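# What the coordinates show
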Amino acid sequence: MKSQKLHLLVLSGILLAAMIVCSQITIPLPIVPLTMQTFAVGLIASLLPVTDSFTVLCIYLIMGAIGLPVFAEFSSGLAVLTGPTAGYLYSFPIYCLITGLILKYWGKNYLSLFSANLIGMLASLLIGSLWMLPNLHLSLHAALMTGMIPFIIPGIIKVLLAVVIAQRLQGIVQRQLIG
């Protein structure tokens, strides 16, 4: 039992590190940059149990809140967590909850991994876009056109990538957690 907890803790740490690295893979765009953060969130949500994936993303947010440069472009602090793109950051634990709960009931085959991550990704984009309403004084249409619509195709590509990698790692992770 202790070995299983240790393996889960190590896996959580590795995935947290992957999240931080993926946050730095960025294509700067006006207002909302394109990053690999949602890829990492999908991987975390697909490989860890629901509570653990949620915890990892909350720790990521806390690390950034206390000033560690873990967010995109090595940013951190309260300015980032209250800025126009903060809604995306806050959506990451929600992405994990949605995806993890779906996977808990649907299993972890390719179709359920893809569907759960797609729903989680769309929820993340929606939350990030809605956050922009008061922050940038945008209409709902403008917020969705700025923060959601342009990111759906890249989001689907990241979901596909996360699902393929999660499927390849799933057996290894299960053997480590069981054995």
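Coordinates for the structure precede this section.
Given the structure is predicted, the values throughout are model-derived calculations rather than measurements. (Residues numbered from 1 in each chain as written. Predicted model: local features only at pLDDT ≥ 70, side-chain atom pairs only at ≥ 80, totals over all residues. Heavy atoms only, no water.)

### A short note on the packing of helix α2 (residues 37-47) against helix α3 (residues 50-65)
α3 packs onto α2 with a crossing angle of 145° between their chain directions and a minimal axis gap of 9 Å. Crossing angle aside, the handedness with which α2 passes α3 is right-handed. The segment α2 lies against α3, with Q37, V41, I44 and A45 engaging S53, V56, L57 and Y60. (Axes fitted to C-alpha atoms, helices over the stretch in contact; angles between N-to-C directions. Helix = DSSP H or I, 4+ residues; strand = E, 2+ residues; numbered from the N terminus. Left-handed = near helix turned anticlockwise from the far one by under 90°. Contact = heavy atoms within 4.5 Å.)

### Quick look at the packing of aromatic side chains
Under the counting rule described, the total for this entry stands at two aromatic pairs. Geometrically, the ring pair formed by Y60 and F71 is edge-to-face, given 5.3 Å between the ring centres and 75° between the ring planes. A residue pair is termed long-range when its members are at least 10 positions apart, and Y60 in helix α3 and F71 in the loop between α3 and α4 (78-82) qualify at eleven residues. Ring plane angle 50° and centroid distance 5.3 Å describe the contact between Y90 and W131, whose orientation is recorded as tilted. Here W131 lies in helix α6 (residues 110-136) and Y90 lies in helix α5 (residues 86-106), a separation of 41 residues in the sequence. (Phe/Tyr/Trp six-rings, centres within 6.5 Å; stacked < 30°, edge-to-face > 60°.)

### Remarks on the environment of L133
Within the element layout of this structure, L133 appears in helix α6. The partly exposed category is assigned to L133, whose relative accessible area is 25%. For the pair L133 and I94, spaced 39 residues apart in sequence, the C-alpha separation works out to 19 Å. (Buried < 20%, exposed > 50% of the residue type's maximum accessible area, 1.4 Å probe, protein only.)

### Structural notes on the environment of G155
For G155, the location among the structural elements is in helix α8 (residues 152-178). Between the alpha carbons of G155 and V50 there is a distance of 21 Å; along the sequence they are 105 residues apart.

### Observations regarding the side chain of S12
Within the fold, S12 resides in helix α1 (residues 2-23). A relative accessible area of 11% places S12 in the buried class. Sequence-distant contacts of S12, defined by excluding residues within four places in its chain, comprise L48, D52 and V56.

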